[in-house]
Amino acid sequence: MQTSANTTASDNINLPVLKLNSRGPIVLQAKKMLYSYSFTQNNPSNDIFDTDTEAAVVALQEHYQYDRDNDFAVEVNGTIDRETWRAMGDHFYRKCRR
């Protein structure tokens, strides 16, 4: 969906950068997403971005290190940044289309 000449709708989404020791409801939501996508076997029970969460993020990032279908790259750094959020959304979209 194009919103202007140079930005897409996904460029307008403002999600926080999550990293080791981040806390809050958005961390719990991210952990639930990683669990539902099978990037971790640990069912989320808290809202702390711990080393298990970091390992799950790295697994997702390695999966999306370069996505030819969508022409975007994800840096493998264990942090949920803009491109990692995008990869998580893309993974959800692909999972739903199956």
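What you see is a predicted model, and the numbers here were worked out from it, not measured in a lab. (Residues numbered from 1 in each chain as written. Predicted model: local features only at pLDDT ≥ 70, side-chain atom pairs only at ≥ 80, totals over all residues. Heavy atoms only, no water.)

A.B. asks: With reference to specific residues and values, describe helix 2 (residues 51-63).
C.D. replies: Spanning 13 residues, helix 2 covers 18 Å between terminal C-alpha atoms, matching the ideal 18 Å at 1.5 Å per step. Within helix 2, burial applies to Thr 53, Ala 56, Val 57, Leu 60 and Gln 61. The buried residues of helix 2 occupy an angular sector of 140° when projected down its axis, which confines them to one face. Sitting at the head of helix 2, Asp 50 places a side-chain oxygen 3.3 Å from the backbone nitrogen of Asp 52. (Helix = DSSP H or I, 4+ residues; strand = E, 2+ residues; numbered from the N terminus. Expected span 1.5 Å × (residues − 1). Buried < 20%, exposed > 50% of the residue type's maximum accessible area, 1.4 Å probe, protein only. Arc of directions from axis to C-beta. Polar contact = N/O pair within 3.5 Å; in protein donor to acceptor, adjacent residues only side chain to side chain.)

A.B. asks: Can you lay out the environment of Ile 48 for me, pointing to particular residues and giving the numbers?
C.D. replies: Tracing the sequence through the fold places Ile 48 in the loop between helix 1 (25-36) and helix 2. A residue is classified by how much of its surface remains accessible, and Ile 48, at 23% relative accessible area, is partly exposed. Note: C-alpha distance between Ile 48 and Ser 22 (26 residues apart in sequence) is 6.0 Å. Sequence-distant contacts of Ile 48, defined by excluding residues within four places in its chain, comprise Ser 22, Arg 23, Val 27, Lys 31 and Thr 53. (Contact = heavy atoms within 4.5 Å.)

A.B. asks: Talk me through helix 1; I want residue IDs and the actual numbers.
C.D. replies: The end-to-end C-alpha separation of helix 1 is 17 Å, in line with the 16 Å expected for 12 residues at 1.5 Å each. Three or more residues of helix 1 are buried, namely Val 27, Ala 30, Lys 31, Met 33 and Leu 34. Looking down the long axis of helix 1, one finds its buried residues gathered within 160° of arc, a one-sided arrangement.

A.B. asks: Tell me about the pattern of salt bridges, residues and numbers included.
C.D. replies: Counted according to the given criterion, the structure contains two salt bridges. The closest approach of N and O atoms between Lys 31 and Asp 50, which form a salt bridge, is 4.0 Å. With a gap of 19 residues between them, Lys 31 in helix 1 and Asp 50 in the loop between helix 1 and helix 2 connect regions that are remote in the sequence. Using a relative accessible area of 10% as the deciding quantity, one classes Lys 31 as buried. Asp 50 gets classed as partly exposed once you look at its relative accessible area, which sits at 24%. Note that Arg 86 and Glu 83 form a salt bridge whose closest N and O atoms lie 3.7 Å from each other. Of the two residues, Arg 86 and Glu 83 both sit in helix 3 (residues 82-97), three residues apart, roughly one turn of that helix. (Salt bridge = Lys/Arg side-chain N within 4 Å of Asp/Glu carboxyl O.)

Function cannot be read off these values alone, since they describe shape.
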